[in-house]
Every structure is written in structure tokens, then in C-alpha cells.
Amino acid sequence: MKKYHKICAIILAVVLLSMLVCVSFNAATIFKQDGFLYAYTASTKADLYGRETTDPDLVIPKEFNEHYITNIVDSAFMGDENIQTLSFSKAILLERIGYYAFSNCVNLSGTMYISGRLSEIGTSAFQGCSSLESVIYRSNLITVVSDQCFYNCTSLSYVELPEKLMLIDKDALANTAIKEIPIP
């Protein structure tokens, strides 16, 4: 019986140790610069995880330490009530905005321009941005307005869609102030 307990204890120790090793290999190292949180993903790429500042004018940066921002992770700025304006003008290599990335940023207002190499905007990315008034797509790589992307953006009255649009997904523009949409 004692031998059985020793074997179980050794197996349990090996399993726990291997779990710790797996966790440390999968966890991203988060860095801070200019009030932003980011992590390197490749030799020249980085993911944006959020920010530590309360500046009302959010300009997504181009890079950190020669690592270009290509992805805004899921829920990165979710519920940030300090954001009043949002610009992607510097983020020229941004490819993806994650699920819920800017959802419930209730004070985000005015016109938002979506440009650059952006090819994917995740489900519910701007859901609940109730003060946002208009969105103009300048990225020709976006083919889908994702599910609930602008759901419950109750002040949204104008959207200029991308030229290569193939699909407006379920509830993408539901519960907005949009009366008509020009289709490219």
C-alpha cells in the first residue's frame, strides 16, 4: 500500500510540474510603454492588450520597439469609458481587431475611420458604443462586417462600407440609428 501511495505521489508531482511548464510557455510577457500594454508575437510583430492611461483621445500606435502592432486582442479596451475618440491612422500594419475589443466604450463618439491593412474585426468589437455616430471603412481588405460588430450603437447613423464587402453578418448593425446604407 505504501508503494502505491509513493507511485501516486510521484505521478501527481510529475503532472503538476508539467502543467506549470505548459502555463509558463503559453503565457505572454506583457510590456508597458507610453501607457500601453503589449506583447511580442513574432520577430517584428506585437499584440496590443490595452492601456493604463485615461486619455480621452486614443490613437492606436504603429509599433513598440520596432515590433509593429498587428492585432488588438479580444476585450483589450472593453468598457473603457474614458475613450472619446479613436484613431487607427498610425497603426498602418494593424490586421485584426479582436472580439469585444472596444465594446461598451460608451463615450466613444464622432466619426471613426477604419483603415490600413485591417482585414478582420471580431464579433461584437464595437457593441454598445452608444455615442459613436459614424463609421467609414477605408480598408479594402475587409469583406465581412462581423456578427454584432456595431450592435446597440444607438447613435450610429451612418456607415460607409468597404468596397470588397461580401457579407453583413447577423445583427452587425442592429439597434442603431441607421436608416439606409449605401452598398458598394
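Data block above holds the structure.
Residues numbered from 1 in each chain as written. Predicted model: local features only at pLDDT ≥ 70, side-chain atom pairs only at ≥ 80, totals over all residues. Heavy atoms only, no water.

Draft legend 1. Representation of the overall build of the protein chain. Summing up its helical and strand segments, the protein chain has 1 helix and 14 strands in all. The buried share among the 184 residues of the protein chain stands at 38%. The long-range share in the protein chain, meaning contacts at least 24 apart out of those at least 6 apart in sequence, stands at 47%. If you sum the accessible surface of the protein chain, you get close to 10300 Å²; carbon and sulfur atoms cover 54% of it. (Helix = DSSP H or I, 4+ residues; strand = E, 2+ residues; numbered from the N terminus. Buried < 20%, exposed > 50% of the residue type's maximum accessible area, 1.4 Å probe, protein only. Contact = heavy atoms within 4.5 Å. Areas by Shrake-Rupley, 256 points an atom, 1.4 Å probe, with all protein chains shown as cover.)

Draft legend 2. Fine view of the pairing of strand β3 (residues 45–51). For β3, a buried count of 5 out of 7 residues is recorded, marking the element as mostly surrounded by other parts of the structure. Linking strand β2 (residues 36–42) back to β3 in an antiparallel pair, the connection comprises 2 residues. (Pairing = 2+ DSSP bridges.)

Draft legend 3. Representation of the nonpolar core within the structure. In this structure, Ile72, Ile97, Phe102, Phe126 and Phe150 are the most contacted members of the largest nonpolar core, which totals 44 residues. Secondary structure elements with two or more residues in this core: β2, β3, β6 (67–72), β9 (110–114) and β11 (132–137). Ranked by residues supplied to this core, first place goes to β11 with 3 residues. Residues contacting Phe126, with those up to four places away along its chain left out, are Leu86, Phe88, Ile97, Phe102, Ser103, Leu108, Met112, Ile121, Cys149, Phe150 and Cys153. (Core = buried A, V, L, I, M, F, W, Y, C linked by side-chain atoms within 4.5 Å.)

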